[in-house]
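Summary of the model geometry
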Amino acid sequence: MELSRRKALFAGFAASTTLAATAVSRVALARLPEPVLQTSPTTQPPLTPESGRPYNPVVTLNGWTLPWRMNNGVKEFHLIAEPVVREMAPGFKAHLWGYNGQSPGPTIEVVEGDKVRIFVTNRLPEHTSIHWHGQRLPSGMDGVTGLNQPGIPSGKTFVYEFTARRPGTFMYHPHADEMTQMAMGMMGFWVTHPRKKHPLIAEVDRDFCFLLNAYDIDPGSYTPKIMTMLDFNIWSWNSRVFPGIDSLNVRLNDRVRIRVGNLTMTNHPIHLHGHEFEVTGTDGGPTPKQSRWPEVTTDVAVGQMRQVEFIASEEGDWAFHCHKSHHTMNAMGHAVPTLIGVDHTGLAGRIKRVIPDYMVMGERGMADMAEMEMPLPENTIPMMTGEGPYGSVEMGGMFSVLKVRNNQKSGDYSNPGWYKQPRGTQAFEWKGPQLPTAPRSKSSGQGAMPRSDATEVEVQVRKPNKAHHGHQH
Ligand SMILES: [Cu+2]
């Protein structure tokens, strides 16, 4: 189709449609709320509401909540879509796209029944839009470019207006050149608090939220690859990777809620140590009480939101992470063969004569990688890292720590440091007599249907050789 005809068709379409999300007039622009920017990647304290209906604010992990202004009973927010620099972990910065200085954008918190007006200014080099994921709203406010509205052109500001009709956990993200804009980090969290006491929404002492997001950033580079479909290498919470993700610090016996939204392209089984939780809310709102059961892992599928709740009744430092083990690692080469048990004695030296940089990896497992002092390209985070009180945690990516302390004051979200295990409550080395060699059964026919034609296969167990530390750094 030739360009002029397409333009004419589009103009006709636009004219015949009532556009709910409309470009702001010159007069309205003069009254735009001052945009608030935040560039720090550390967790900001909860934003106690100064106007509008009161509520218990959430804490956004490594993020913040966007302030608003009240204008004739309407809560007005101003989001700026723009390129940002995000420190994903100390020593590793990425060129992303986000909102108001950060990726993800600020959390938006409102109360059920609030009239909301959101100004969206586009400072990206291409058009954008915002879809308010999970909300009940007029179709024209749903933010799908081409379907509900024209894209917001570079340099323009559009306005979205709707009433936050149901309480719950929501997200926002572009619905315009979506694969690029989500791969670049454009997304944010949204919480609608209940207007009054709700039979299915408990009052909690701590309310945390974060988004699961993923990037494909080559080691040593700064900008995500935007054409990646599944093979991402940076698995992050709110565009941070362990050890850059802040801990969740709570007081003993607090009722804790954690809200998680998944804007990656795969599912994440989110796992908490030391406690059982219940899923008290999903994308569709609070779950009925009869549907709740205790779990220690909940799978958050693509595009889903889950809110889990538990009583933090066990003091200590508890791992909290995605249970896909490659999601608790940072960027790595995927083409490394399994070399556990392969004897490299003498081999590395011979190969090094031909390939001077040759390095043996993974002969005893990959744990050594965490402590390996190998040179990394600039702006790269080690694959597995994070120094705990007893050595390397050997984790990266989607990993954090729930810290439960009896002396953590209510409202205090500061890091209490490492837990001191009380005497006699920590795993220790056995110093008694060693086990004799276990006798092994040689008989066949143990199974219900033994294989009759099997010949014996000789495979030798390779025990770690203490005399040989074959790691040529
Ligand atoms: Cu995961």
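The paragraphs below set out a description of the structure included in this document.

Conventions adopted
Residues numbered from 1 in each chain as written. Predicted model: local features only at pLDDT ≥ 70, side-chain atom pairs only at ≥ 80, totals over all residues. Heavy atoms only, no water. Pairing = 2+ DSSP bridges. Helix = DSSP H or I, 4+ residues; strand = E, 2+ residues; numbered from the N terminus. Axes fitted to C-alpha atoms, helices over the stretch in contact; angles between N-to-C directions. Phe/Tyr/Trp six-rings, centres within 6.5 Å; stacked < 30°, edge-to-face > 60°. Buried < 20%, exposed > 50% of the residue type's maximum accessible area, 1.4 Å probe, protein only.

Time to look at the sheet that holds strand β24 (residues 399-405). Reading across the sheet, the 5 strands line up as β14-β24-β21-β16-β19 and stay open at both edges, with mixed pairing between neighbours. Where the open sheet ends on each side, the last strands, each with one partner, are β14 (248-251) and β19 (297-300). Strand-to-strand twist across the sheet, computed as the mean angle between neighbouring axes with direction ignored, equals 20°. The sheet contact formed by β14 and β24 spans 4 bridges and is parallel. For Leu248, the partnering residue across the bridge sits in β24 and is Leu402.

Sheet topology places strand β22 (residues 385-388) next to strand β23 (residues 391-395); 3 bridges connect them, and they run antiparallel. By the bridge assignment, Glu387 is partnered in β23 with Ser392. Linkage of β22 to β23, two consecutive antiparallel strands, is achieved through a turn of 2 residues.

Turning our eyes to something else, we now look at the sheet that holds strand β10 (residues 168-173). Here 4 strands make up an open sheet; going across it, the order is β6-β11-β10-β8 and the pairing mixed. Edge positions in the open sheet fall to β6 (108-111) and β8 (131-133), since each of these has one partner strand only. Between one strand axis and the next, the sheet turns by 25° as a mean value, whatever way the strands run. Two strands pair when backbone bridges link them, and β8 and β10 are joined in this way by 3 bridges, in the antiparallel orientation. Bridged to His131 within β10 is His173.

The next subject is the packing of aromatic side chains. Working definition: an aromatic ring pair is given by the centre-to-centre distance plus the angle between the planes. For the structure on display, the rule yields 14 aromatic pairs. When the ring of Trp132 is compared with that of Tyr160, the centres are 5.3 Å apart and the planes differ by 75°; the resulting orientation is edge-to-face. Taken together, the positions of Trp132 in strand β8 and Tyr160 in strand β9 (residues 157-163) put the pair 28 residues apart, joining distant regions of the chain. Residue Trp132 is classed as buried on the basis of its relative accessible area, which comes to 0%. Plain terms: the ring middles of Phe210 and Trp237 are 4.3 Å apart, the flat faces sit at 25° to each other, and that makes the pair stacked. Of the two residues, Phe210 is situated in strand β12 (residues 206-215) and Trp237 in strand β13 (residues 234-237); the sequence distance between them amounts to 27 residues. Here Phe210 matches Trp237 in class, with each residue buried. Clustering of aromatic rings is evident, with ring pairs tying together Tyr99, Trp132, Tyr160, Phe162, Tyr172 and Trp190.

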